[in-house]
Amino acid sequence: MRYKRPDRKNALSILAATEREMKFTLSIKPSEESGSTIVRNIYECFRMLGDALLVAKGVKSEDHIAPIRELTKVKVETERPIYVIDNLRRLRHNVNYYGYRPKLEEVKEVMVIAKSNFQPILKAVKELVAEVGLKKR
């Protein structure tokens, strides 16, 4: 990881983008054909939440593991354990690099995770990014 200037404005921009992307992705009808896209997009939205935290702190990550790790440190109450996001990372990795095609049930499960966990985590991350901005003043 590299350290750079904390950028709250960029972090907020990332959060807005991930919120739009998640809304769109959850509107896609789950099927065998759309499954890979849904899994990739949902994972990417969670990764971007972690990335926003790092950007707000002034940290540039070199991989996907650091943002996910940062996200799993967030103290938030969710219906599903927050560490399931790391399982999404592995599933997305298999889709992208091994040609794995998720089964319809897996796609539906990923969507359930997103519907139950994304909003509470997004809210918590927004609060943390706001706190970082307040500490600078």
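Refer to the preceding data block for the structure.
Reading guide: rules and limits
All residue numbers refer to positions counted from 1 along the written sequence of the respective chain. Since the coordinates come from a predicted model, pLDDT governs what is reported: local features require at least 70, and pairs of side-chain atoms require 80 or more to be given and counted, while whole-chain, interface and lining totals use all residues. Water and hydrogen atoms were dropped before computing side-chain values, which therefore reflect all heavy atoms in the structure. The aromatic pairing rule takes the rings of Phe, Tyr and Trp, using the six-membered ring of Trp, and pairs them if the centres are within 6.5 Å, calling planes under 30 degrees apart stacked, those over 60 edge-to-face and the rest tilted. Under the scheme used here, helices are H or I runs from DSSP no shorter than 4 residues and strands are E runs no shorter than 2 residues, and both carry numbers assigned from the N terminus. Only protein chains enter the accessibility calculation, which uses a 1.4 Å probe; a residue is then buried when its area is under 20% of its type maximum, exposed when over 50%, and partly exposed in between. Between N-to-C directions, angles span 0 to 180 degrees; the directions come from axes that are lines fitted to C-alpha atoms, helices contributing only their stretch in contact. Working definition: roughly parallel below 35 degrees, roughly antiparallel above 145 degrees, roughly perpendicular at 65 to 115 degrees, and oblique for all remaining angles. Helix crossings fall into two classes, left-handed where the near helix is turned counterclockwise from the far one by less than a right angle and right-handed where it is turned clockwise. In what follows, residue pairs with any heavy atoms lying within 4.5 Å of each other are defined as contacts. In what follows, salt bridge is the name for a side-chain nitrogen of Lys or Arg lying within 4 Å of a carboxyl oxygen of Asp or Glu.

A. Layout of the packing of aromatic side chains. Taken as a whole and assessed by the stated rule, the structure comprises one aromatic pair. Centre to centre, the rings of Phe 46 and Phe 118 are 5.7 Å apart; their planes meet at 80°, and the pair counts as edge-to-face. Here Phe 46 is found in helix α2 (residues 35–57), whereas its partner Phe 118 is found in helix α5 (residues 104–136), with 72 residues between them in sequence. Here Phe 46 and Phe 118 have matching classes, each one buried.

B. A look at the packing of helix α3 (residues 65–72) against helix α4 (residues 84–98). Where α3 meets α4, the axes come as close as 9 Å, and the angle between the chain directions of the two elements is 160°. Comparing the axis directions of α3 and α4 gives the class roughly antiparallel. When the axes of α3 and α4 are compared, the crossing they make is right-handed. For the pair formed by α3 and α4, the contact residues are Ile 65, Ile 68 and Leu 71 on the first element and Ile 85, Asp 86 and Arg 89 on the second.

C. How the structure looks around the pattern of salt bridges. Applying the stated criterion across every chain yields a total of 10 salt bridges. Across the pair Arg 47 and Asp 51 runs a salt bridge, and its minimum N-O distance is 3.9 Å. Taken as a pair, Arg 47 and Asp 51 lie in helix α2 at a separation of four residues, close to a single helical turn. The same class applies to Arg 47 and to Asp 51, which are both buried. One salt bridge connects Glu 109 with Arg 80, and the closest N-O pair in it is separated by 2.4 Å. Placement of Glu 109 in helix α5 and of Arg 80 in the loop between α3 and α4 is noted, with a sequence separation of 29 residues between them.

D. Representation of the environment of Tyr 3 within the structure. Positionally, Tyr 3 belongs in strand β1 (residues 2–3). Among the residues examined, Tyr 3 registers a relative accessible area of 68% and is labelled exposed. Sequence separation between Tyr 3 and Gly 58 is 55 residues; the distance between their C-alpha atoms is 5.7 Å.

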